[in-house]
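If you want the building blocks of each chain, they are given just below.
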Amino acid sequence: AGTPAAMAAAMFGLKVLIVDKRDAPGGECLFEGCIPSKVLENAANHYASVAHSDMFHVELGGQEQIHWEKVLQDKDEILKKRSMGALTQMEKMPNLEYKQGTAKFVDAHSVQIGDEIFSFKKALIATGGKIAMPNIKGNGIDKVWTNRDVFFEEKLPEEILFIGAGAISCELTQMFNKLGVECHILERSERILKHLSEDSALSVQKRMVES
């Protein structure tokens, strides 16, 4: 939310400073969320089409395989292009400045970034979400992946257990399952996707189990 809000404010003539710890804009959606998941999901869908081509009486010969490390390389290239594209747009706006670093509030109208102090009239905080790790006893928590880990692992696992059955978990479950990974979901509710209507959620759940 921070990047488009900053650019929109600059387009309306306000003098804007956008601060991020990364060297280019994008935020969690671009780097660890919806964009990388769609890139990997696209590769998984194509792989599944090839793997099940015999259902349509298509014989390709040989054993299908996916070079996952190259898929991740493509993902990194796409994210870099999008991020640098946004930075290029910002550089064309004379009243918008992008600064890499971490901002610390000094008072109600100023922040400190490194050794510099910047004053402002209005501030918008758009730092994204924070990972909440489950309270698991023992050393099992050391092996847990978060959404920030799953997009960087170069080797596909043989089996994954997903804790929770929200939209992200269900999306990743289907993606990894198409790649031949054995997937399990633990959910304390009676069904997946508890924020959707029961009919819709159960329809998705039935299809996931059957696949």
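Structure: see above.
No experiment lies behind these values; they were computed from the predicted model shown.

Chemist: What is the right way to look at the pairing of strand β7 (residues 182-186) in this model?
Modeler: Along any regular strand, the residues point their side chains to alternate faces of the sheet. With five bridges joining them, strand β6 (residues 159-163) and β7 adopt parallel strand pairing. In the sheet register, Glu159 faces β7, and the bridge partner there is Glu182. In terms of handedness, the path from β6 via helix α5 (residues 167-178) over to β7 forms a crossover that is right-handed.

Chemist: When you look at the pattern of salt bridges in this model, what are you seeing that I'm missing?
Modeler: Any two side chains of opposite charge can pair, on the condition that their charged atoms come close. All chains considered together, the criterion is met by five salt bridges. The partner of Glu32 in a salt bridge is Arg22, with the nearest N and O atoms 2.7 Å apart. Within this pair, whereas Glu32 is found in helix α2 (residues 27-32), its partner Arg22 is found in the loop between β1 (16-20) and α2, the two being separated by 10 residues in sequence. In this structure Arg22 comes out as partly exposed when scored by relative accessible area, which is 21%. A salt bridge links Glu171 to Lys38, with the shortest nitrogen-to-oxygen separation between them at 3.0 Å. Residue Glu171 is located in helix α5, and its partner Lys38 is located in helix α3 (residues 34-51); the two are separated by 133 residues in the primary sequence.

Chemist: Sorry, what's going on with the environment of Val144 here?
Modeler: On the secondary structure map, Val144 appears in the loop between β5 (116-119) and β6. Residues Val144 and Pro134, 10 residues apart in the sequence, show an inter-C-alpha distance of 9.6 Å. Setting aside residues up to four positions removed in sequence, Val144 forms contacts with Met133 and Asp149.

Chemist: How should I be thinking about a nonpolar patch on the surface in this particular structure?
Modeler: Taken together, Ile136, Leu161, Ile163 and Leu186 make up a surface patch of nonpolar side chains, about 360 Å² in accessible area. Mapped onto the fold, Leu161 is located in strand β6.

Chemist: Would you explain the layout of surface pockets in this entry?
Modeler: Where empty space is left can be seen by rolling a probe of water-molecule size over the atoms. Here the largest pocket is characterised by a volume of approximately 1700 Å³. Those elements giving two or more residues to the lining of the largest pocket turn out to be α1 (2-11), β1, α2, α4 (68-91), β2 (96-100), β3 (103-107) and β5. Take the lining of the largest pocket: its biggest share by element is six residues, from α1. In terms of residue class, the lining of the largest pocket is made up of 27 nonpolar, 11 polar and 12 charged.

What counts and how
- Residues numbered from 1 in each chain as written.
- Predicted model: local features only at pLDDT ≥ 70, side-chain atom pairs only at ≥ 80, totals over all residues.
- Heavy atoms only, no water.
- Pairing = 2+ DSSP bridges.
- Helix = DSSP H or I, 4+ residues; strand = E, 2+ residues; numbered from the N terminus.
- Right-handed = clockwise from strand over helix to strand, strands pointing away.
- Salt bridge = Lys/Arg side-chain N within 4 Å of Asp/Glu carboxyl O.
- Buried < 20%, exposed > 50% of the residue type's maximum accessible area, 1.4 Å probe, protein only.
- Contact = heavy atoms within 4.5 Å.
- Patch = residues over 30% accessible without salt bridge, like charges linked within 9 Å, V, L, I, M, F, W, Y side chains within 5 Å.
- Areas by Shrake-Rupley, 256 points an atom, 1.4 Å probe, with all protein chains shown as cover.
- 1 Å grid on protein atoms, 1.4 Å probe; cavity = no way out; pocket = protein on both sides within 12 Å on 5 of 7 lines; lining within 4 Å.
- Points joined across faces, edges and corners; volume = space filled by probe spheres on them.
- Nonpolar A, V, L, I, M, F, W, Y, C, P; charged D, E, K, R; others polar.

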